[in-house]
Amino acid sequence: IRFAHTSENLLYSACTDGTVKCWDTRLPSSDAAQLFNGFPSNVFISFDISCNDILICAGTEKVEEDAFLVFWDARNAKSNPVSNEPLGVYSESHNDDVTQVCFHPTSPNLLVSGSTDGLANVFDLNKENEDDALVVTCNSDSSVSFVGWSGEASNQIYCLTHDEGFYWWDIAQLDTQEPITLLKIPDVRETFNSDHGTLDYLTGGFYNKKADALFLLGGTHTGSLHLMNCEIGRA
């Protein structure tokens, strides 16, 4: 679920029934205020809304040989709140479940997606087709569980994997001779060093602009939580 960026009253949810719904928390009705339909075979397991609340993107489970990124224009729902068909779809960039999609925090045309195929893809949605839209593909060599943006200019991406790996890339270096990989830790549990016990799993991450730092969240099976500050060379 996601709250809208420009309205505190609008809540979005995606469902395995192939729909994204918008709920107006001011209304007493149990019916969704807006409905966005996918294609018949779609099973949505991830979604996000652009920073200006115009674009919606949902990622699907793999069905037969296909895994999709499905897009809608949220503005169309104002004229037809009952049913809204997709604006478009990307079908070539992932070949397994799309577990995560995340729009850029300030540029509504930029999107990063993650999949169990191990890839984290960055797209520029201003481009006319999927091939041109694909800015960069970063490979974690594992199954991606979480993706996000970081850096002062939000020009870095990172991902967590289902086997507790952490990968961090600087896409601002794409047009330079510098490597884009900032940090690669296949298993954070093996490098975790704390006086407060061990680390069993990772749950997510976030970039704190005021501190100019990327933090990871993790925990233990006994209920402890860990907040980890990521720095080049260590996590």
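A brief structural summary. Just so you know, these numbers come straight off a predicted model, no measurement behind them. (Residues numbered from 1 in each chain as written. Predicted model: local features only at pLDDT ≥ 70, side-chain atom pairs only at ≥ 80, totals over all residues. Heavy atoms only, no water.)

Another point: the overall build of the chain. Regarding its fold elements, the chain presents two helices and 19 strands. Here the C-alpha atoms of the chain give a radius of gyration of 18 Å, agreeing with the 18 Å that 2.2 N^0.38 yields for 235 residues. Along the three orthogonal principal directions, the C-alpha set of the chain runs to about 55 × 40 × 40 Å. Across the chain, every contact between residues at least 6 apart in sequence was considered, and the portion connecting residues at least 24 apart equals 40%. (Helix = DSSP H or I, 4+ residues; strand = E, 2+ residues; numbered from the N terminus. Rg over C-alpha atoms; globule rule 2.2 N^0.38 Å. Contact = heavy atoms within 4.5 Å.)

One open sheet holds the four strands; their spatial order is β13-β14-β15-β16, and the pairing between them is antiparallel. A strand with exactly one partner marks an edge of an open sheet, and here the two such strands are β13 (144–150) and β16 (181–185). Taking the axes of each pair of neighbouring strands and ignoring which way they run, one obtains an average angle of 15° across the sheet. The pairing of strand β15 (residues 166–170) with β16 spans four bridges and is antiparallel. Bridging from a neighbouring strand, Trp-168 pairs with Leu-183 of β16. (Pairing = 2+ DSSP bridges. Axes fitted to C-alpha atoms, helices over the stretch in contact; angles between N-to-C directions.)

Looking now at the side chain of His-226. One can find His-226 in strand β19 (residues 225–230). Side-chain polar atoms of His-226 contact the backbone oxygen of Thr-198, separated by 3.0 Å. If sequence neighbours within four positions are ignored, His-226 has contacts with Phe-192, Ser-194, His-196, Thr-198, Leu-199, Leu-216, Leu-217, Gly-218, Gly-219 and Thr-220. (Polar contact = N/O pair within 3.5 Å; in protein donor to acceptor, adjacent residues only side chain to side chain.)

Attention now goes to the sheet that holds strand β2 (residues 10–15). The four strands lie next to each other as β1-β2-β3-β4, forming an open sheet whose pairing is antiparallel. Each end of this open sheet is capped by a strand with a single partner; those strands are β1 (2–3) and β4 (34–37). As judged from the two bridges shared by β1 and β2, these two strands associate in the antiparallel manner. Looking at the pairing, Arg-2 lines up with Tyr-12 of β2.

Let us now look at the packing of aromatic side chains. This model, assessed by the stated rule, comprises nine aromatic pairs. Ring geometry for Phe-36 versus Trp-72: centroids 6.3 Å apart, planes at 65°, classification edge-to-face. Separated by 36 residues along the polypeptide, Phe-36 in strand β4 and Trp-72 in strand β7 (residues 69–73) bring together distant segments of the chain. Classification of Trp-72 as buried rests on a relative accessible area of 0%. (Phe/Tyr/Trp six-rings, centres within 6.5 Å; stacked < 30°, edge-to-face > 60°. Buried < 20%, exposed > 50% of the residue type's maximum accessible area, 1.4 Å probe, protein only.)

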